[in-house]
Amino acid sequence: MSDVVSEPRQSRATRRPARVNLFGLDREAMASFFKRHGESAFRAKQVMQWIYARGVTDFSEMTDLSKKLRERLPEIAEICPPTRIREQSSRDGTRKWLLAVTQDLDPDNAIEAVYIPEADRATLCISSQIGCALDCSFCATGKQGLNRNLTTAEIIGQVWMAEHDLRAQGAVHGTRALTNIVFMGMGEPLANYREVIPAIRILLDDYGFGLSKRRVTVSTSGLVPFMDRLREEVDVALAVSLHAPNDDLRDELVPINRKYPLSELMSACDRYIEGKERRAHVVYEYVLLAGVNDQPEHARELVRLLGNRPAKINLIPFNPFEGSGYDRPAESVIRAFQDLLHARGLRTTVRRTRGDDIDAACGQLVGRVASRQKRHFRDVPIRVEGAAKPASGV
Ligand code: SAH
Ligand code: SF4
């Protein structure tokens, strides 16, 4: 498949630190790591429990490992969370972390993770790339172009950092702080498939974060071939950024539609839930842009497009940012759009804007927009981000 938009791959030498960051290894990869170093594969479970259940990053505290191994591990491995550059809390409890990944403290290369507490859940919205190449017309991240893919360790580091920070502050639901993870921060997760898949495995693993499959959501703008592969490799909830009910409008708003038009996208959505349990559905995200896609005829066309598909629609009133050229529709227009969908029996929610005062809403997760040269996906060499990382490839 030659359809993933991505940066040229970094050489192995520059991508791999001398010491392996264990946040980057799912259980199988960690077992191979220990075996390669002459240890039992069982060490993977022990070490993962220290890291994820107990929040320990110092090998010397891992008291059920032999003294010899505890002394050796710092030479070959590290457990290295991202560095906090800035942290902001909103009046409504939402929190946003600006994080430096690897050793790069330049805020332009930082990423953001957002914590959204609600009565019955606590969601962390995480980033999968620095910037994004897909250039959706209403998205601040898209305006940056793609800087680079995050590694599995950088993706998992966000979750670990938030989980243990929040636990330390007593913000827990039962035994954990975070109940849900959504890949709805910066970047297109399926354009970084290779690094995202092991991260998902760690989220779902009982020795990792132990989240149930319904509580991990991958949001995609519609990279059709990778939607199919996702279904084969892991079991998570899928959200699809639809935003328009016809190809002409979607071509304009979500340019990847020119490559994978609605007919192909909707078939991929059908395949994604085929054979799954009765409650399975796809969440369709629809950003409401004043005067662009928010009219009654758009709602009616959306009803026709979705037909009898098992679907939930998530309407996202546009979150403005400087120079976007779009406006959020009036409340009455949003309500009329929702009512029309409801009247045709479609389950529809309007995403309440959270963290308004700290720019923590969808599409606003960005450092400085104008500072980086914008790149369009049409101009970037299209290359394959092949299979998920092999377990032994550490
Ligand atoms: N790249 C993925 C996931 C990250 S974006 C995707 O596009 O699905 C998460 C959601 O926020 C997507 O539905 C995206 O279209 C939406 N979004 C982006 N910019 C927005 C903005 N300014 N206002 C409201 N929603 C926005
Ligand atoms: Fe990328 Fe998603 Fe933004 Fe589109 S909406 S530019 S796919 S992050």
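Above this text is the structure in question.
Conventions and cut-offs
- What you see as residue numbers is a count from 1 along each chain, following the sequence as written.
- As they are written, the chains are lettered A onward and the ligands numbered 1 onward, keeping that order.
- Local features are withheld for residues below a pLDDT of 70 in this predicted model, meaning they are given only at 70 or higher, and side-chain atom pairs are given and counted only at 80 or more; totals for whole chains, interfaces and linings count all residues.
- To get the side-chain values, all heavy atoms of the structure are used, and hydrogens and water are removed first.
- Only DSSP runs of H or I reaching four residues or more are called helices, and only runs of E reaching two or more are called strands; each is numbered from the N terminus.
- Relative accessibility decides the category of a residue: with a 1.4 Å probe and only protein chains considered, values under 20% of the type maximum give buried, values over 50% give exposed, and everything between is partly exposed.
- Whether two residues are in contact is decided by their heavy atoms: any pair within 4.5 Å suffices.
- Only the protein chains shown count as covering a residue, and every accessible area follows the Shrake-Rupley method with a 1.4 Å probe.
- As used in this structure description, the phrase polar contact means that two N or O atoms lie within 3.5 Å; if the pair is within protein, one of them must be able to donate a hydrogen and the other to accept it, and residues adjacent in sequence are counted only when both atoms belong to side chains.
- The near set for a molecule or strand comprises every residue that places at least one heavy atom within 4 Å of it.
- Amino acids outside the nonpolar list (Ala, Val, Leu, Ile, Met, Phe, Trp, Tyr, Cys, Pro) and the charged list (Asp, Glu, Lys, Arg) are all regarded as polar, and Gly is one of them.
- In this analysis the probe radius is 1.4 Å and the grid spacing 1 Å, with only protein atoms considered; a cavity is a set of points the probe fits into but cannot get out of, a pocket is an open set with protein on both sides within 12 Å along at least five of seven lines, and lining residues have an atom within 4 Å of a point.
- Grid points are joined across faces, edges and corners, and a volume is the space filled by probe spheres set on the points.

1. A closer look at the overall build of the chain
- If you tally the helices and strands in the chain, you get twelve helices and 14 strands.
- Here the chain, with 394 residues, has 56% of them falling under the buried criterion.
- In the chain, of all internal contacts separated by at least 6 residues, the share reaching a separation of at least 24 is 69%.
- Carbon and sulfur atoms form 47% of the exposed surface of the chain, whose accessible area is close to 16600 Å².

2. Details of the environment of N180
- Note that N180 resides in strand 9 (residues 180–183).
- In this structure the C-alpha to C-alpha distance between N180 and R215, which are 35 residues apart in sequence, comes to 4.7 Å.
- In contact with N180, not counting residues within four places along its chain, are R121, A122, T123, L124, L211 and R215.
- Engagement of the side chain of N180 in a polar contact is seen with the side chain of T179, the distance being 2.6 Å.

3. Things to note about the site of ligand 2
- Every residue near ligand 2 is listed here: C132, L134, D135, C136, C139, G142, G187, E188 and S221.
- Considering only residue class, the shell around ligand 2 consists of four nonpolar, three polar and two charged.

4. Thoughts on the layout of surface pockets
- What the largest pocket holds in volume is close to 1500 Å³.
- If you go around the largest pocket, you meet 45 residues; those closest to its centre are R121, V182, T217, V283 and N314.
- Breaking the lining of the largest pocket down by element, the ones donating at least two residues are strand 5 (111–117), strand 6 (122–125), strand 9, strand 11 (237–241), helix 10 (262–273), strand 13 (311–317) and strand 14 (347–350).
- Among the residues making up the lining of the largest pocket, the classes are represented as 20 nonpolar, eleven polar and 14 charged.

5. Focus on the environment of P225
- If you trace the backbone, P225 turns up in helix 8 (residues 224–233).
- The class of P225 is buried, set by a relative accessible area of 14%.
- Along the chain, P225 and A268 lie 43 residues apart, while their C-alpha atoms are 8.2 Å from each other.

6. With respect to the environment of T220
- Looking at the element boundaries, T220 is found in strand 10 (residues 216–220).
- Overall, T220 belongs to the buried group, its relative accessible area being 0%.
- Remark: the alpha-carbon pair of T220 and L190, spanning 30 residues in sequence, is separated by 6.6 Å.
- Setting aside anything within four residues of it in sequence, one finds T220 in contact with E188, L190, M227, L238, A239, V240 and S241.

7. Considering unusual backbone geometry
- For D135, which is not glycine, the phi torsion reads 60° and is therefore positive.
- Along the polypeptide, D135 turns up in the loop between strand 7 (129–131) and helix 5 (140–144).
- Of note in the backbone geometry, H243 takes a positive phi value of approximately 70° without being a glycine.
- You can see H243 is positioned in the loop between strand 11 and helix 9 (247–253).

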